[in-house]
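Spelled out from the first residue to the last, the chains are:
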Amino acid sequence: MTFTLREATPADDPVLDEIARKGDASADADYLELLRSQGARLLVAEVRGEVIGFGGVVDASGVAMLSDLFITPAARGRGVGGALLRELLTAFERRMTFSSKHPGALPAYRRVGMEPRGRLLYIEGAAAAVDAPPLVSGPWGHDRSSMVAMLERQGARVHADVVLMPEAAGIWIARLQSIDPRATFRAAIAACPVGATVRCCVPEGSPVAADAQRLGFAIVDHDIFCATDGVRLADDLHCLDPGLA
Ligand SMILES: CC(C)(COP(=O)(O)OP(=O)(O)OC[C@H]1O[C@@H](n2cnc3c(N)ncnc32)[C@H](O)[C@@H]1OP(=O)(O)O)[C@@H](O)C(=O)NCCC(=O)NCCS
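Cut-offs used in this document
In this convention, every chain numbers its residues from 1, walking through the sequence in written order. Where totals are concerned, whole chains, interfaces and linings use all residues; where local detail is concerned, this predicted model gives features only for residues with pLDDT of at least 70, and gives and counts side-chain atom pairs only at 80 or more. Side-chain calculation: all heavy atoms of the structure are included, whereas hydrogens and water are not. Our working definition of a disulfide is a cysteine sulfur pair at a distance within 2.5 Å. Accessibility here uses a 1.4 Å probe with only protein chains present; expressed as a share of the type maximum, an area under 20% marks a residue as buried, one over 50% as exposed, and anything in between as partly exposed. Put simply, DSSP marks the helices as runs of H or I at least four residues long and the strands as runs of E at least two long, and each gets a number from the N terminus on. In what follows, a contact means two residues having at least one pair of non-hydrogen atoms within 4.5 Å. A pair of strands is treated as paired once DSSP finds two or more bridges between them. Residues are classed as near a molecule or strand on a simple rule: at least one heavy atom within 4 Å of it. Here a polar contact is recorded for every N or O atom pair within 3.5 Å, except that within protein the pair must consist of a potential hydrogen donor and a potential acceptor, and residues adjacent in sequence are included only if both atoms are side-chain atoms. Per-residue and other accessible areas follow the Shrake-Rupley method at a 1.4 Å probe size, with only the shown protein chains counted as cover for residues. We define the nonpolar core as a collection of buried residues of types Ala, Val, Leu, Ile, Met, Phe, Trp, Tyr and Cys that are connected through side-chain atoms lying within 4.5 Å of one another. For every element, the axis is a line fit to its C-alpha atoms; helices are fit only across the contacting stretch, and the angle between N-to-C directions ranges from 0 to 180 degrees. In these notes the angle categories are as follows: under 35 degrees is roughly parallel, over 145 is roughly antiparallel, 65 to 115 is roughly perpendicular, and the rest is oblique. Less than a right angle of anticlockwise turn of the near helix away from the far helix marks a crossing as left-handed, whereas a clockwise turn marks it as right-handed. Throughout this entry, Asp, Glu, Lys and Arg are counted as charged residues, while Ala, Val, Leu, Ile, Met, Phe, Trp, Tyr, Cys and Pro are counted as nonpolar. The remaining residues, Gly among them, count as polar.

Draft legend 1. Spatial organisation of the state of the cysteines. Applying the stated criterion to the full structure yields zero disulfides. With no disulfide of its own, C200 lies 4.2 Å from the sulfur of C239, the closest cysteine sulfur. For C200, a relative accessible area of 2% translates into the label buried. Distance from the sulfur of C226, which forms no disulfide, to the nearest cysteine sulfur (C201) is 15 Å. For C226, a relative accessible area of 0% translates into the label buried.

What follows is the structure, given as structure tokens:
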């Protein structure tokens, strides 16, 4: 199949979301705005003017964070994803991403040097009344401040160690970074209305994963953290956005 790659423009946004949804994900306007605010490079693949896939990468302090890779179902398995990956990652030796469980994803990532390093758990549950001190108020006390500022512009409540994003269905812990993750997680839960649905994405080895289950939260899905040798998530990062790490 003959296809071409080009930089995505905002006019492509509705199609990107449509294609991501066919891959059981989404790329809605807020998400794409967040990516662009982080200087993301977004590429589309097209055949005779029709977009058949896209991918995105963010430079996370010299590490390529592959944010998205989606090919429309009819065009999968024909080299499009591989071509997008090579073009997006070519400038970076250090690379990472969160892989879906699609059978094509891991092989495609391994092909460009990103090996599976552990699971990222999608955790969900109802906020209960927990005994915890109040969250330390903002400003945000860690790195990625421009990402956190954009989340705040999109409606998040920013504390020193936690970013809470209200959603239609409840609250998403968009980021939790702390040297005392268990206490900070409990404080975040205590800051949510009792009964509200809370969801977060947590590296499997984090104490937050075990504590959330102790509080009755369930693991509803997972992705796989893939990275080149020596690339790892910060030790104090316990809840994160899998699109941006
Ligand atoms: C995963 C995905 C992006 C791969 O794109 P693609 O265009 O189908 O992949 P390509 O044809 O370029 O193949 C890339 C590599 O993966 C391998 N691969 C692709 N599909 C595969 C499958 N179903 N099973 C095993 N290997 C597969 C190819 O053999 C190729 O490796 P090679 O270069 O060693 O031959 C695409 O299948 C997709 O959009 N899936 C649904 C959405 C998704 O899960 N995206 C990943 C989000 S993390």
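Draft legend 2. Just the side chain of T72, in detail. For T72, the location among the structural elements is in the loop between β4 (63–71) and α3 (80–89). By relative accessible area, which is 14% here, T72 ends up buried. Not counting residues within four places of it along the chain, the set of residues in contact with T72 comprises I19, K22 and I52.

Draft legend 3. Highlighting the pairing of strand β3 (residues 50–60). Taken across its eleven residues, β3 has nine buried, putting it largely inside the fold. By the bridge criterion, seven bridges tie strand β2 (residues 41–47) to β3 in an arrangement that is antiparallel. In the sheet register, R41 faces β3, and the bridge partner there is V57. What sits between the antiparallel neighbours β2 and β3 is a turn of two residues, in which R48 has the positive phi angle 45°. Strand direction decides the pairing type here: β3 and β4, joined by eight bridges, are antiparallel. Across the sheet, the residue bridging to G55 is L69, located in β4. Taking the residues between adjacent antiparallel strands as the criterion, β3 and β4 are bridged by two residues, where S61 takes a positive phi near 50°.

Draft legend 4. Structural view of the site of the ligand. Looking at the ligand, there are 21 residues lining it, with G77, G81, G82, S100 and R111 nearest. At 2.8 Å, a backbone N or O of I71 approaches an oxygen atom of the ligand. Separating an oxygen atom of the ligand from a backbone N or O atom of R78 is a distance of 3.1 Å. Burial of the ligand by the protein chains amounts to 73% of its free accessible area of 930 Å².

Draft legend 5. Spotlight on the nonpolar core. Ranked by internal contacts, the top residues of the largest apolar core, which has 43 residues, are L35, F54, M96, F98, L151 and V163. If we skip the residues at most four places from it in the chain, M96 touches A60, V63, A64, M65, L66, M114, F225, C226, A227, V231, L233 and A245.

Draft legend 6. Highlighting the packing of helix α6 (residues 181–190) against helix α7 (residues 207–214). For the pair α6 and α7, the least separation of the axes is 9 Å and the interaxial angle reads 45°. In terms of axis orientation, α6 runs oblique to α7. The two elements α6 and α7 meet at a crossing, and its hand is right-handed. From α6, P181, R182, F185 and R186 reach across to α7, where they touch P207, V208, D211, A212 and R214. Tallied by class, residues from the contact of α6 with α7 come to five nonpolar, no polar and four charged.

Draft legend 7. Fine view of the packing of helix α2 (residues 29–37) against helix α5 (residues 145–153). Interhelical geometry of α2 versus α5 gives an angle of 150° and a closest axis separation of 10 Å. Comparing their axes, α5 and α2 come out roughly antiparallel. As α2 runs across α5, the sense of the crossing is right-handed. Contacts from E33, L34 and S37 of α2 reach α5 at M147, M150 and L151. Its residues placed into classes, the contact of α2 with α5 shows four nonpolar, one polar and one charged.

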